[in-house]
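Structural description and commentary
Next come the chains, spelled out residue by residue.
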Amino acid sequence: MTSPREVRAARRRRLAPEAGRSNALHPGAWWLWALGLATAASRTTNPLLIGLLIGVAGYVVAARRTSAPWARAYGAFVKIALLVIGIRLVFAVFLGSPIPGTHLIVTLPEVPLPDWAQGVRIGGRVTAEGVVFALYDGVRLAGLLICVGAANALASPARLLKSLPGALYEAGVAVVVAMTFAPNLIADVQRLRAARRLRGRPDRGVRGLLQVGLPVLEGALERSVALAAAMDARGFGRTAAVPARVRRTTAALTLGGLIGVCAGTYGLLTADGGTYGLPVLGAGLAAALGGLRLGGRRAVRTRYRPDVWGVRAWLVAGSGAAVAALMIVASSSGASELHPGVVPLVAPELPLWPAAAILIGLLPAFVAPVPPPAQAPVPRPSRAAAEEQSP
């Protein structure tokens, strides 16, 4: 007879099985989920809601990231986000803020500027309203960075490149190489700093940074050369013979589709273009997709075990889209809690139903496949132990 604990474990395995090659989540689903959270973060300046978004992204990353090198980039994105908040506050203090305020914090010495620099000042009055406004703005930008960092930590860049259409494959290679550079750079820095600590050498400060930076750059150059050699050996860059009329049709559809997307988006954003904006946007997207489909004929490549967009991928991507859509609806309805006022200075409030909408973003932590546990490295015997075991 099975115990209640075993029954609960079996239910969890059915809901989120262990990730394998056959049921791995599509990397595009992770990016759509993260972009949905980033869109929601861009629609509000309420630090409570943005903090909730950051908490949702962090929980999903902690629950579903693997031990791959790119998964370690999330901590670096969090540090960059904190640095952005600090820079935004420094600019508000020393360069002033457009927000008037009555709660004076300090008065800095003001640098006199010429007449042509009207509206710009260095130093002067620093008010609590201006600092809080800068803090809200910096927190929103930090939320965007952390959401993008969550996508980098969860989605495999190589699998994402494999899923791109043939027409975007060459451009996708450059994007993927750029995306993988930062995680590999962080992994190299951590490895070299650990090696220097084991040798009793300094790994902090300017001296440690200079002594670590050169090996890291050499490693990045070696990886780039190795990647170029591997791509050349696999025949990357080969193109198929395409008739001239197909090339002209592809260029016309792609260019016309992009123009249609721009015109349709402009129509949706203006008050007078609401009648034609959506049809023009739909026609532009259809033309652009047709151009990409025809342009894929030039790419000569095969896909080995392509990733399948299954039910779990729909749930993950749909949760991010639902968060974005609900936040856009809340912002369009004029909810004042999404943008707390600073003049007069009031404490931000947590609106209930936008907060509940953000919690939908936790769905990937329960339906996405669980990554397998990282295998611990086999410890190497010490020199003394090896000498004792030797005859």
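For the structure itself, consult the block above.
The model shown is predicted, which means the values in this text are computed figures rather than measured ones.

For the protein, the helix and strand inventory stands at 14 helices and two strands. Within the protein, buried positions represent 32% of all 391 residues. For the protein, the share of sequence-separated contacts (at least 6 apart) that also reach a separation of at least 24 residues comes to 79%.

For the structure on display, the rule yields two aromatic pairs. Between W30 and W33, the ring centres sit 5.8 Å apart and the planes meet at 80 degrees, which makes this aromatic pair edge-to-face. Of this pair, W30 and W33 both sit in helix α2 (residues 27–42), three residues apart, which is roughly one turn of the helix. Each member of the pair, W30 together with W33, is buried.

A word on a nonpolar patch on the surface. Among the surface-exposed residues, L83, I87, V90, F91, F94, L95, V111, L113, V120 and I122 lie close enough to one another that they form a single nonpolar patch of about 860 Å² accessible area. When residues in the nonpolar patch are grouped by element, the largest group, six residues, is from helix α4 (residues 73–95). Note that V120 resides in the loop between β1 (104–111) and β2 (122–127).

What follows is about the packing of α2 against helix α5 (residues 128–154). Orientation of α2 relative to α5, taken along the N-to-C sense of each, is 175 degrees, at an axis distance of 9 Å. Regarding the angle of α2 to α5, the classification is roughly antiparallel. Contacts between α2 and α5 involve W30, W31, W33, A34, L37, A38, A41 and S42 from the first element and R140, L144, C147, V148, A150, A151, N152 and L154 from the second. Along the lines of polarity and charge, the residues of the contact of α2 with α5 split into 13 nonpolar, two polar and one charged.

Two elements in contact, α2 and helix α3 (residues 47–64), have axes separated by 9 Å at closest approach and are oriented at 165 degrees. The angle between α2 and α3 falls in the class roughly antiparallel. Helix-helix and strand crossings are classified by hand; for α2 and α3 the assignment is left-handed. Counting all contacts with α2, which are made through W30, W33, L37, A40 and A41, the residues of α3 involved are I50, L53, V56, A57, V60 and R64. The residue makeup of the contact of α2 with α3, split by class, is ten nonpolar, no polar and one charged.

Take the side chain of E129 next. Looking at the secondary structure, you find E129 in helix α5. Despite its burial, E129 pairs with no opposite charge; the closest candidate is R125, at 7.4 Å N-O. Once you skip the residues sitting within four places of it in the chain, E129 turns out to touch I99, P100, G101, T102, H103, V342, V343 and L345.

Bringing the pattern of salt bridges into the picture now. Inspection of every chain in the model, using the stated rule, returns two salt bridges. With its nearest N and O atoms 3.3 Å apart, the salt bridge here joins R88 to D137. Highlighted residues: R88 in helix α4 and D137 in helix α5, separated in sequence by 49 residues. For R140, the salt bridge is made with D137, and the minimal N-O distance between the two is 3.5 Å. On the criterion of helical spacing, the pair formed by R140 and D137 is a turn pair, its members being three residues apart in helix α5.

Cut-offs applied
- Residues numbered from 1 in each chain as written.
- Predicted model: local features only at pLDDT ≥ 70, side-chain atom pairs only at ≥ 80, totals over all residues.
- Heavy atoms only, no water.
- Helix = DSSP H or I, 4+ residues; strand = E, 2+ residues; numbered from the N terminus.
- Buried < 20%, exposed > 50% of the residue type's maximum accessible area, 1.4 Å probe, protein only.
- Contact = heavy atoms within 4.5 Å.
- Phe/Tyr/Trp six-rings, centres within 6.5 Å; stacked < 30°, edge-to-face > 60°.
- Patch = residues over 30% accessible without salt bridge, like charges linked within 9 Å, V, L, I, M, F, W, Y side chains within 5 Å.
- Areas by Shrake-Rupley, 256 points an atom, 1.4 Å probe, with all protein chains shown as cover.
- Salt bridge = Lys/Arg side-chain N within 4 Å of Asp/Glu carboxyl O.
- Axes fitted to C-alpha atoms, helices over the stretch in contact; angles between N-to-C directions.
- Parallel < 35°, antiparallel > 145°, perpendicular 65-115°, else oblique.
- Nonpolar A, V, L, I, M, F, W, Y, C, P; charged D, E, K, R; others polar.
- Left-handed = near helix turned anticlockwise from the far one by under 90°.
- Lys, Arg positive; Asp, Glu negative; His and termini not counted.

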